[in-house]
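What the coordinates show
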Amino acid sequence: MSSEKRTREKPIRTGSIAFRIGLSSGLNLLLIFIVLDVVLFWVLLWPRIQDGSGYAEITIEDFNAFKLLLTEWKADIVLRLEGLLVVLWVLFETLKVRAKLRPLQEFADAALKLSELDGETEQRYQKLENAIDMLSPAEEDQMLATGDAELAGLETAVNKLMTRMRDSYRQQARFVSDASHELRTPIAVIRGYADLLDRWGKTDEKILEESIAAIKDESESMQHLVEQLLFLARGDSGRTPLNVSDFDVSDMMKEVWEESAMIDAAHDYRFESGGAIPARGDVSLIKQAARILIENASKYTPEGGEIMLRSLVSDGHPAFSVQDSGIGISESDIPHIFERFYRADDSRSKQTGGSGLGLAIAKWIVERHGGRFEIISRKDIGTRITVILQ
Ligand SMILES: Nc1ncnc2c1ncn2[C@@H]1O[C@H](COP(=O)(O)OP(=O)(O)OP(=O)(O)O)[C@@H](O)[C@H]1O
Ligand SMILES: [Mg+2]
């Protein structure tokens, strides 16, 4: 930040502008009076000219008679009245315009005051600029503190902004570190099997088959993880556009029900339709959120268990739910399950596999549509997650 020399500005005076406008308006009125007077003059003189003395000439008698007429008509009073009216009009217009320009005057005064900072204020701003320059976004406890009571409000605002920036910086840093940790594990496993193959795989057929199967498995889950990470990274940077269209929630859920039942024969999939439920959004992304919930239901429900899909209207909003008869989520875990990389029980999740990103992706999609989740879960009885759209 650099401190620029502030130059002395010329003040704006709206009073003189208002007077000039008032004067020009008064001159217009004067012009109107002159025209009216001339017309009146001719209207009064006309009968005298007509009166036998011909069109072209105006005799001295005519003129004297006209002067008498003017005195009778009290012309001098009329002229004075007109003059007074013009002066009053100038005054009235000036005051009116001045009142209208008052906000402009106040604004100009404030701007002038700012541009004419005295030495003390100048020093104060300099101190603030220096203190902001010294701030480092990476240092956790560092806050802006100049000790100047008048700058306290400004300092609080800057400090709040810094805290928000640090929070988001910390979140990003944690995400990157968790992501690299998650990627390191499958890479290490693949390397291990490659070594095994190198040593004994050429001669031992059992090791050969086992290693190939493990490498395939690990690379598949790694591909899945990379896709999830890319989705979230793209979402964070605002590079996931929504392809918004009208769709029917029941039609969408029927499609995912049919495909789930076809892919996963180990569970009993059911679908309860709530009739025609119109909604608006990116249907392929919302379908992806539904698939994430169904995948979890299937992963955390013992074989043969029932998984119920529903389309419904909740408080007038289009909604859908996925209910399983699985292991359930403990109350203390529920607030965290949407966090990136969070898995309710590490050892259990290791058995079932997964990185803990599924629900974070579903949350991103639902919130992007202005929607929300409702969760009901009981340990060893089951879980129902409802997505309520806007
Ligand atoms: N239907 C469910 N029943 C029981 N626990 C669940 C259910 N859905 C989610 N959870 C818990 O919430 C955690 C987070 O779910 P999430 O889908 O984000 O991750 P994941 O399933 O472990 O991995 P990923 O979906 O990335 O493959 C899971 O690890 C699990 O502990
Ligand atoms: Mg999951």
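Just so we're clear, the structure is a prediction, and the values are computed from it rather than from any experiment.

Tracing the sequence through the fold places glycine 22 in helix α1 (residues 14-50). Accessibility expressed as a relative area gives 0% for glycine 22, which makes it buried. Filtering out sequence-adjacent residues up to four positions away, glycine 22 remains in contact with Val90, Glu93 and Thr94.

This part is about unusual backbone geometry. Even without glycine at this site, phenylalanine 341 takes up a positive phi of about 70°. Secondary-structure assignment places phenylalanine 341 in the loop between β5 (317-324) and α10 (346-352). Unusually for a residue other than glycine, aspartate 380 sits at a positive phi of about 60°. Position of aspartate 380 among the secondary structure elements: in the loop between β6 (372-378) and β7 (382-388).

Here we come to the packing of helix α8 (residues 249-263) against helix α9 (residues 283-299). It is at 10 Å that the axes of α8 and α9 come closest, and there the two elements cross at 45°. For the element pair α8 / α9, the angle class is oblique. Along this stretch, α8 crosses α9, giving a crossing that reads as right-handed. Along the contact surface, α8 presents Met252, Met253, Glu255, Val256, Glu259 and Ser260, while α9 presents Val283, Ile286, Lys287, Ala290, Arg291 and Ile294. Looking at the contact of α8 with α9 residue by residue, the class counts come to 7 nonpolar, 1 polar and 4 charged.

It is worth spelling out the side chain of serine 355 at this point. Topologically, serine 355 is positioned in the loop between α10 and α11 (358-368). Among the polar contacts made by the side chain of serine 355, one reaches the side chain of glutamine 228 at a distance of 2.8 Å. Once residues lying within four places of it in the same chain are set aside, the contact partners of serine 355 are Glu182, Leu225, Gln228, Phe341 and Arg343.

Here we take up the domain arrangement of the chain. Along its sequence, the chain is carved into domain 1 (14-114), domain 2 (153-236) and domain 3 (245-388). The gap between the C-alpha centroids of domain 1 and domain 2 is 89 Å.

Membership of the largest hydrophobic core comes to 43 residues, with the highest contact counts inside it found for Met253, Phe320 and Val322. Here this core spans two domains, and each of domain 2 (153-236) and domain 3 (245-388) adds at least three residues to it. Once you skip the residues sitting within four places of it in the chain, valine 322 turns out to touch Met253, Ala290, Leu293, Ile294, Ala297, Ile307, Met308, Leu309, Thr383, Arg384 and Ile385. Formed by 6 residues, the second largest nonpolar core is a distinct cluster that contains Ala131, Leu135, Leu144 and Leu151.

Let's shift gears to the site of ligand 1. Among the 20 residues in the neighbourhood of ligand 1, the closest are listed as Asn296, Asp324, Gly356, Leu357 and Leu359. Note that an oxygen atom of ligand 1 is positioned 3.1 Å from one of the side-chain N or O atoms of glutamine 228. A distance of 3.0 Å separates an oxygen atom of ligand 1 from a polar atom in the backbone of glycine 358. Contact with the protein chains removes 98% of the 590 Å² of surface that ligand 1 exposes when unbound. Residue assignment for the shell around ligand 1 shows that the elements contributing at least two residues are α9, α10 and α11.

With that out of the way, let us pick up helix α5 (residues 119-134). The terminal C-alpha atoms of α5, which comprises 16 residues, lie 23 Å apart, in line with the 22 Å expected from a rise of 1.5 Å per residue. Restricting attention to buried positions, one finds in α5 the residues Thr121, Arg124, Leu128, Glu129 and Ala131. Burial along α5 is one-sided: seen end-on, the buried residues are contained in an arc of 165°. Those residues of α5 that are exposed and angled more than 90 degrees off the buried face are Gly119, Gln123 and Met134. Against α6 (152-201) lie the buried residues of α5.

Attention now moves to the pattern of salt bridges. The tally for this structure, following the rule as stated, stands at 14 salt bridges. Where aspartate 268 meets arginine 270, a salt bridge forms, and the shortest distance between an N and an O atom there is 2.9 Å. The class for arginine 270 is partly exposed, based on a relative accessible area of 40%. Notably, a salt bridge pairs arginine 372 with glutamate 374, separated by 3.2 Å at the nearest N-O pair.

Taken in spatial order, the 5 strands of this open sheet run β2-β4-β5-β7-β6, and their pairing is mixed. Looking at strand neighbours, the two that pair on one side only are β2 (268-272) and β6, the edges of this open sheet. Strand-to-strand twist in this sheet, taken as the mean axis angle between neighbours without regard to direction, amounts to 15°. Alignment of β5 against β7, held across 5 bridges, turns out to be antiparallel. Counted as the bridge partner of serine 321 is threonine 386 from β7. α8 rests against β2, β4 (306-314) and β5 of the sheet, and its axis sits at about 170° to β2. Along the sheet, α9 makes contact with β2, β4, β5 and β7, crossing β5 at roughly 20°.

Reading guide: rules and limits
- Residues numbered from 1 in each chain as written.
- Chains lettered and ligands numbered in written order.
- Predicted model: local features only at pLDDT ≥ 70, side-chain atom pairs only at ≥ 80, totals over all residues.
- Heavy atoms only, no water.
- Helix = DSSP H or I, 4+ residues; strand = E, 2+ residues; numbered from the N terminus.
- Buried < 20%, exposed > 50% of the residue type's maximum accessible area, 1.4 Å probe, protein only.
- Contact = heavy atoms within 4.5 Å.
- Axes fitted to C-alpha atoms, helices over the stretch in contact; angles between N-to-C directions.
- Parallel < 35°, antiparallel > 145°, perpendicular 65-115°, else oblique.
- Left-handed = near helix turned anticlockwise from the far one by under 90°.
- Nonpolar A, V, L, I, M, F, W, Y, C, P; charged D, E, K, R; others polar.
- Polar contact = N/O pair within 3.5 Å; in protein donor to acceptor, adjacent residues only side chain to side chain.
- Domains from an automatic or database assignment.
- Core = buried A, V, L, I, M, F, W, Y, C linked by side-chain atoms within 4.5 Å.
- Near = heavy atom within 4 Å.
- Areas by Shrake-Rupley, 256 points an atom, 1.4 Å probe, with all protein chains shown as cover.
- Expected span 1.5 Å × (residues − 1).
- Arc of directions from axis to C-beta.
- Salt bridge = Lys/Arg side-chain N within 4 Å of Asp/Glu carboxyl O.
- Pairing = 2+ DSSP bridges.

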